[in-house]
Amino acid sequence: MRALKLETIGASKTFGTFRALDKVSLTVRAGTVHALLGENGAGKSTLVKGLVGYSPLDEGNILVDDREYAVRLPRDAHGLGIGMVYQHFTVAPGLTVAENLVLARGDLPARIHWKAERERLSAFMDGMPFKLDPDRPVAALAAGEKQKLEILKQLYLDRRLIILDEPTSVLTPQEADEVLGLMRDLAHDGQVSVLMITHKFREVTAFADDVTVLRKGALVGSCKVADTSPEALAEWMMGRSDDRTVAGERPPVDPDRGPALEVAGLEVNNDKGVRAVHGASFVVRPGEILGVAGISGNGQRELTEALLGQRKREAGAVRVHGEPYHASRREMLDRGVHSLPEEPLRNASVASMSVAENLALRSFDQAPIRRQGWRVSRRVIREQARGLIERFQVTPPDPDRPIGTLSGGNVQRAVLARELTEEVRVLIVSNPVFGLDFASVAMIHQRLMDARNRGAAVLLLSEDLDELLELADRILVIHDGELVFEAPAGRADRAELGAHMAGGGERAAS
Amino acid sequence: MLKPWLGRAGVLLLPALPTLCALVTTAVLFIAFLLIQGRPAWQAGPLVFEGAFGSLFAWENTLMRAAPLMLTALCVALPARAGLIIIGGEGALVLGGLAAAVTPLWLPALPAWPMLIAMGVASMLAGGLWIGLSGWLRQKRGVNETIGSLLLSYIGLAIFRHLVEGPLRDPNSLNKPSTPPLDSSYQIGVISDSFYVHWGLVAGIVACVLAWVLVRYSVIGFALRVVGGNPRTPRMLGLPVDRLVLLTCVLGGGAAGLAGMFEVSAVQGSANTALISGYGTAGILVAFAARHNPLAIIACAILLGGLEASGGLLQRRLGLPDATTLILQGMLFINLLAWETLTRRTGDWRLWLRGHWIAAPRAGLEEKGETSHG
């Protein structure tokens, strides 16, 4: 069997005084898919970075096929046949598939004999369960195909254990199933062993053989997937059972109330001046969450930015509470339009300013922070911050720290604390929990639901279908800049939504 | 045990660390530069000090040069608050000077004070317009403001030369083309006979203090930090980004224009090419050394004014060419930019200091307070 057996014993890593990884022992059996589960900061990335030599472990042993090896450098991991597929693509978009594969080899001569390389490559492709045309430019590949190329690259480099870091975060559900299915088949065929970091229980139960759960840097448990259940795994991860459902009543949307947010015929260009959103029209009523589903890069970003005032609208109208809306500060304040954009550090906060100042970004020009008509009261800013930090559990609870030094989840909590005030009546939300741990996800979802139940109109753009199915009242699907499908969330079907997200709406309908 | 006040002082002084490091390495490099030429390098330090701060006359000379530097540095520092790097202060200064010089010609005769105020307003309008144009081009036409302001500065200098040597030239100014000389009642005098520095120094200090209050304490200053912090967040908050950017440009340009007015009415007596003496360019250096902090600009302008003032003494005593002070300034600028990479680290150290030296003892005090209450 080509596949490796990998074992770590007492793997540990310390950053300063922070114990990121504490005596973790796990075994990836040869020819299996092993899932590594854990919240953000549980130590998953620290562990795999140690395994590939990117950031070596402080203590602990690494055993490959029952022999101990030292992995101090990426080169050591390469030598053992251990490779990693990163969350974000590491292929060169300007080159072809063949060029990407050949250039990935570290041992290229000064002059590349393309003829010989091509022959080698086609012999290699013949032995693979899935194929890509070697002459296609990578820029023309879909996300799922790029992910396949990443995996092909690892196999081409003769890797015998492949680590996948959240491999499906950029794929459609169909693509994810296909790629993970291929990995499972390769593993069960004895070609490779797979260690897969994931957040999604569905992927664990559908594709993994074994699962290991980490929490706060320590091993919680490791077992066969068949012997466990998502509820048990959630309890391992959280230290308690958390089924992620939003608590409380969900009053129905009142159809008689006029729309809070109306968008008609909106046209928006992307950074290159190409039309990215075509004729988007929809309404969101008070007390309703309208979900917009779609694969990353289908115009959601441009749509959000146009609604937030970060991007120019080429045509179309936006009305809030029946009046035209141009995203000025006055209109935001008077009509209660707030937002939770994606990447809050970049879109909704100023990294160099303190947490307290960031919490005041909506209110610094209003009383009580504004004094004598012109002055900003630092005292009021800090007092306001103390209250919000406590209510939204921002850690560390230090109002004077630059917000850029906080973790992603805490930045999002701080932005949430600022945006989800009592006065909010229209809320534009984009991927609010991307990359966050379960505790933050549950809290953010609950707060969004509370805002809805208080009568806010919420537009929720998300790449996570589960999130939309859980929170939204209605779901729109955006594909290639057009809103192609609409369904009430209660009657929405994953497969049908997925087909529309992938642009196969006609096929699914026929 | 580490003293909390030491930590607090450290937190306050850390932002100055890159500038202090740059001064030290510049001194080392300059000494090496002199040694290579076989000059008595150990005399250079005392000479610079003597020429800059060694006597009342030296102080007067230094402060006289520092005054316009404070104003032209604001032309860089204020737009920098909104994230712009404006380097066209020289153009704003000369156009401001020209506007001030021609105002008395075009207005009816007025008493001194109203006329001086009119001249000041005219100079600030001219300078503000010029830098405002750079800001407008950036916001509305996507022209890089650094290159835009530099090119506009050249255009401003050309317009200045054209007008001073052409339509606005005083026929009596023969070998040095100038506008007609200001009436002596419109000339600004010195602060006192025993302190021979013109009122531009007071104007510069007042402008820096006002700018400091604006950026640090006002609602507009807060909004400017958001605009300067990143390009996307202020739009998400609905802040009027274009207006705020234009405001900083107009205020900065106005400050540089005012420097031109003082050069005309307190030093030259008319607008002529002696105005083009590099104050706008040196202001960039001052603003970077001060890390765009208006209060620090006062100190840095005095320091740089001192370096310029001591140039003559260096040249005479060490037999150096007069480009030497320019080389010294150039070295200082390169070193400032090189040490700028420390800024990221100083942020971390600041956090560390706050955590270890200030927060911990304070937390201890609070605990004590609680137990005494209980």
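Residues numbered from 1 in each chain as written. Chains lettered and ligands numbered in written order. Predicted model: local features only at pLDDT ≥ 70, side-chain atom pairs only at ≥ 80, totals over all residues. Heavy atoms only, no water.

### Things to note about the overall build of chain B
Consideration 1: In terms of helices and strands, chain B carries 16 helices and two strands.
Consideration 2: The C-alpha atoms of chain B give 23 Å as radius of gyration, which agrees with the globular expectation for 374 residues (21 Å, within 12%).
Consideration 3: Based on the C-alpha atoms only, the size of chain B along its principal axes is roughly 85 × 60 × 40 Å.
Consideration 4: Taking all 374 residues of chain B together, the buried fraction comes to 48%.
Consideration 5: Relative to all contacts within chain B whose residues are 6 or more apart in sequence, the contacts with residues 24 or more apart total 78%.
Consideration 6: Here chain B contributes 25 positive and 17 negative side-chain charges, whose respective centroids are spaced 9 Å apart. (Helix = DSSP H or I, 4+ residues; strand = E, 2+ residues; numbered from the N terminus. Rg over C-alpha atoms; globule rule 2.2 N^0.38 Å. Buried < 20%, exposed > 50% of the residue type's maximum accessible area, 1.4 Å probe, protein only. Contact = heavy atoms within 4.5 Å. Lys, Arg positive; Asp, Glu negative; His and termini not counted. Charge placed at Lys NZ, Arg CZ, Asp CG, Glu CD.)

### What about the overall build of chain A?
Consideration 1: Along its length, chain A carries 18 helices and 22 strands.
Consideration 2: In terms of overall size, chain A behaves like a compact globule, its C-alpha atoms giving a radius of gyration of 25 Å where 510 residues would be expected to give roughly 24 Å.
Consideration 3: With the C-alpha coordinates of chain A rotated into their principal frame, the extents come out at 70 × 55 × 50 Å.
Consideration 4: Burial analysis of chain A (510 residues in total) assigns 52% to the buried set.
Consideration 5: Considering only residue pairs separated by 6 or more positions, chain A has 68% of its internal contacts joining residues 24 or more positions apart.
Consideration 6: Counting only carbon and sulfur atoms, one obtains 49% of the accessible surface of chain A, whose full area is about 21900 Å².
Consideration 7: Charged side chains of chain A number 65 positive and 72 negative; the gap between the two group centres comes to 5 Å. (Areas by Shrake-Rupley, 256 points an atom, 1.4 Å probe, with all protein chains shown as cover.)

### A look at the pairing of strand β14 (residues 313-320) of chain A
All names here are of chain A.
Consideration 1: Inspection of the sheet shows strand β11 (residues 261-269) paired to β14 by six bridges, in the antiparallel sense. For Glu-267, the partnering residue across the bridge sits in β14 and is Ala-315.
Consideration 2: Sheet topology note: the β14/strand β15 (residues 323-324) ladder contains two bridges and is antiparallel. Opposite Val-320, over in β15, you have Glu-323 as the bridge partner.
Consideration 3: Where β14 hands over to β15, the hairpin turn is made up of two residues, of which His-321 adopts a positive phi near 50 degrees. (Pairing = 2+ DSSP bridges.)

### Considering helix α9 (residues 300-308) of chain A
All names here are of chain A.
Consideration 1: Within α9, eight of the nine residues are buried, which leaves the element mostly enclosed by the surrounding structure.
Consideration 2: Among the residues of α9, Gln-300, Glu-302, Leu-303, Thr-304, Glu-305, Ala-306, Leu-307 and Leu-308 are the ones counted as buried.
Consideration 3: At the exit of α9 stands Gly-309, carrying a positive phi of roughly 90 degrees.

### Some remarks on the environment of Ala-255 of chain B
Residues and elements named next belong to chain B.
Consideration 1: Take Ala-255: it is sitting in helix α11 (residues 241-268).
Consideration 2: On the accessibility criterion, Ala-255 (7% relative accessible area) is buried.
Consideration 3: Spatially, the C-alpha atoms of Ala-255 and Thr-179 are 22 Å apart, while their sequence positions differ by 76 residues.
Consideration 4: Those residues in contact with Ala-255 that lie beyond four places of it in its chain are Leu-71 and Leu-74.

### Notes on the domain arrangement of chain A
Consideration 1: When its domains are assigned, chain A resolves into domain 1 (6-238) and domain 2 (261-348 + 424-509).
Consideration 2: When each unit is reduced to the centre of its C-alpha atoms, the spacing between domain 1 of chain A and domain 2 of chain A is 33 Å. (Domains from an automatic or database assignment.)

### Examining the nonpolar core
Consideration 1: In terms of nonpolar packing, the biggest core is built from 104 residues, with Leu-261, Leu-266, Phe-282, Leu-307 and Leu-459 of chain A together with Phe-222 of chain B touching the most fellow members.
Consideration 2: Residue contacts for Phe-222 of chain B: discarding those within four places in its chain leaves Met-353, Glu-357, Ala-360, Leu-361, Phe-364, Val-376 and Ile-381 of chain A together with Val-215 of chain B.
Consideration 3: With 79 residues, the next largest nonpolar core counts Ala-100, Met-119, Phe-160 and Ile-302 of chain B among its residues. (Core = buried A, V, L, I, M, F, W, Y, C linked by side-chain atoms within 4.5 Å.)

### Concerning the interface of chain B and chain A
Consideration 1: Contact with chain B, which involves 20 residues of that partner, is made by 37 residues of chain A.
Consideration 2: Taken together, both faces of the contact between chain B and chain A bury some 2400 Å²; the carbon and sulfur share is 61%.
Consideration 3: Sorting the residues of chain B by area buried against chain A places Phe-222, Arg-232 and Met-236 of chain B first, and these three jointly supply 31% of that buried surface.
Consideration 4: Along the contact surface separating chain B from chain A lie two salt bridges.
Consideration 5: For Glu-357 of chain A, the salt bridge is made with Arg-225 of chain B, and the minimal N-O distance between the two is 2.9 Å.
Consideration 6: Taken together, chain B and chain A are joined by 14 residue pairs in polar contact (both at pLDDT 80 or more).
Consideration 7: Taken together, the elements giving at least two residues each to the side of chain B that touches chain A come down to α8 (200-217), α9 (219-229), α10 (233-236) and α16 (342-373) of chain B.
Consideration 8: Ranked by residues supplied to the side of chain B that touches chain A, first place goes to α9 of chain B with six residues.
Consideration 9: In terms of residue class, the side of chain B that touches chain A is made up of 10 nonpolar, five polar and five charged. (Buried area = accessible area lost by both parts, 1.4 Å probe. Salt bridge = Lys/Arg side-chain N within 4 Å of Asp/Glu carboxyl O. Polar contact = N/O pair within 3.5 Å; in protein donor to acceptor, adjacent residues only side chain to side chain. Nonpolar A, V, L, I, M, F, W, Y, C, P; charged D, E, K, R; others polar.)

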